[in-house]
Amino acid sequence: MYIQTILKEIDTVLRQVEENQLQDIALQLKKANRIFVIGEGRSGLMAKSFAMRLMHLGATVYVVGETITPSIASRDLLVAISGSGTTKNVVWTAEKSRSLGCSVIAMTTNPESALAEVSTEILHVPAATKYRRENEIKTIQPLGSLFDQCAHIIFDTLCLQFSKLNEVDHTVAFGRHSNLE
């Protein structure tokens, strides 16, 4: 019973995400010199999984805050994820990136948030967050689970589109997968 309800919740949210916008974002990812991702908590884990898959697909990608992350520069792209759009470190990083001439794509539930305001593009994911604001979709799940699940699927969709744009198939991606396991 729970699985079917969760799947219906995810479907309700994802039906509101524009596939054309995702195709445009995939093109921006392809054109970027380098891609940086940031998020905190579970959103940060979704960002890291996105970065890992982009690496498998041949992108030069970094996770903000990791020890090997270089400085960001113009022509680079930041993907910033925050359900609320108010996570201080994510907003600050987006502001700093914009001040350096970078494009910033915000993935958030709140298109009027501080993160959305500083971003060059808003990827609105109309899911519930831990705050349960009045305008958010109802969910049976705790905290921001619905947002995180939808973010993961959207990121995987972007990766599929990115792989098609770059003509990277399973064999090529598998060749970039870790072999130290």
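Residue numbers restart at each chain and count upward from 1, following the sequence in its written direction. Given that this is a predicted model, residues contribute local features only at a pLDDT of at least 70 and side-chain atom pairs are listed and counted only at 80 or more, while totals for whole chains, interfaces and linings are drawn from all residues. In computing side-chain properties, one takes all heavy atoms of the structure into account and sets aside hydrogens as well as water.

Caption draft 1: Broad picture of the overall build of the protein. Segments assigned H or I by DSSP are reported as helices when at least four residues long, segments assigned E as strands when at least two residues long, and all are numbered from the N terminus. Assigned secondary structure in the protein consists of 7 helices and 5 strands. When the elements of the protein are put in sequence order from the N terminus, they spell out α-α-β-α-β-β-α-β-α-β-α-α. Against the compact-globule benchmark of 16 Å for 181 residues, the protein has a radius of gyration of 16 Å, which places it among compact chains. Only protein chains enter the accessibility calculation, which uses a 1.4 Å probe; a residue whose area is less than 20% of its type maximum is buried, one above 50% is exposed, and one in between is partly exposed. Classification of the 181 residues of the protein by burial places 46% in the buried group. Computed with a 1.4 Å probe, the accessible areas rest on the Shrake-Rupley method; for each residue, only the protein chains presented here act as cover. Of the roughly 10,000 Å² of accessible surface on the protein, a fraction of 54% belongs to carbon and sulfur atoms. Each radius of gyration reported is based on C-alpha atoms, and the globular scaling rule is 2.2 Å times the count of residues to the power 0.38.

Caption draft 2: The arrangement of the pairing of strand E1 (residues 35–38) in detail. A two-sided burial pattern is seen for E1, the buried positions comprising Ile35 and Val37 on one face and Phe36 and Ile38 on the other. We call two strands paired when DSSP finds no fewer than two bridges between them. Across 4 bridges, E1 lies against strand E3 (residues 77–81) in parallel orientation. Bridge assignment links isoleucine 35 to a residue of E3, and that residue is leucine 77.

Caption draft 3: Expanded view of the layout of surface pockets. Taken as a whole, the largest pocket holds about 370 Å³ of empty space. Those elements that place two or more of their residues in the lining of the largest pocket are helix H3 (41–56) and helix H6 (145–165). Of the residues assigned to the lining of the largest pocket, the class counts are 5 nonpolar, 10 polar and 4 charged. Computed over the protein atoms alone on a 1 Å grid, cavities are sets of points where a 1.4 Å probe fits but cannot get out and pockets are open sets with protein on both sides within 12 Å along at least five of seven lines; a residue lines them when it has an atom within 4 Å of a point. As for the second largest pocket, its lining consists of 14 residues, and the residues nearest its centre are Arg53, Leu57, Asp169, His170 and Ala173. The set of elements that each furnish at least two residues to the lining of the second largest pocket consists of H3, H6 and helix H7 (170–176). Classifying every residue of the lining of the second largest pocket gives 6 nonpolar, 4 polar and 4 charged. Grid points are joined across faces, edges and corners, and a volume is the space filled by probe spheres set on the points. Under this grouping Gly is polar, as are all residues other than the nonpolar Ala, Val, Leu, Ile, Met, Phe, Trp, Tyr, Cys and Pro and the charged Asp, Glu, Lys and Arg.

Caption draft 4: Focus on the side chain of serine 163. Examined against the element boundaries, serine 163 turns out to sit in helix H6. Throughout, a contact is declared for two residues whenever any of their heavy atoms are within 4.5 Å. Excluding its chain neighbours within four sequence positions, the residues that come into contact with serine 163 are Leu57 and Val168.

Caption draft 5: Highlighting the packing of helix H2 (residues 19–31) against H6. Orientation is described by lines fitted to C-alpha atoms, with helices fitted over the stretch in contact, and by angles between N-to-C directions that extend from 0 to 180 degrees. Packing of H2 against H6 leaves a shortest axis separation of 9 Å and a crossing angle of 60°. Viewed along their axes, H2 and H6 adopt a mutual orientation that is oblique. Handedness of the H2/H6 crossing: right-handed. Between H2, through Glu19, Leu22, Gln23, Ile25, Ala26, Leu27, Leu29 and Lys30, and H6, the contact on the second element is made entirely by Ile154, Thr157, Leu158, Gln161, Phe162 and Leu165. A per-class count over the contact of H2 with H6 returns 9 nonpolar, 3 polar and 2 charged. Roughly parallel here means an angle under 35 degrees, roughly antiparallel means over 145, roughly perpendicular means 65 to 115, and every remaining angle is called oblique. Crossings are classed by handedness, with left-handed meaning an anticlockwise turn of the near helix from the far one by less than a right angle and right-handed meaning a clockwise turn.

Caption draft 6: Main features of the packing of aromatic side chains. Note on aromatic pairs: the rings of Phe, Tyr and Trp (six-membered ring only in Trp) are paired at centre separations within 6.5 Å, and the planes decide the class, stacked below 30 degrees, edge-to-face beyond 60, tilted for the rest. Enumeration over the complete set of coordinates arrives at 2 aromatic pairs. Ring geometry for phenylalanine 50 and phenylalanine 155: centres 4.1 Å apart, planes at 10°, overall stacked. Residue phenylalanine 50 is found in helix H3, and its partner phenylalanine 155 is found in helix H6; the two are separated by 105 residues along the sequence. A residue is classified by how much of its surface remains accessible, and phenylalanine 50, at 2% relative accessible area, is buried.

Caption draft 7: Here's a closer look at the pattern of salt bridges. Salt bridge, as used here: a side-chain nitrogen of Lys or Arg that lies within 4 Å of a carboxyl oxygen of Asp or Glu. Under the definition given, this model contains 4 salt bridges. Here arginine 15 makes a salt bridge to aspartate 11, at a shortest N to O gap of 2.8 Å. Overall, the relative accessible area of 35% leaves aspartate 11 in the partly exposed class. Across the pair lysine 48 and glutamate 66 runs a salt bridge, and its minimum N-O distance is 3.1 Å. You can see lysine 48 sitting in helix H3 and its partner glutamate 66 sitting in the loop between strand E2 (61–63) and E3, a full 18 residues away along the chain. According to the relative accessible area criterion, lysine 48 is partly exposed, its value standing at 38%.

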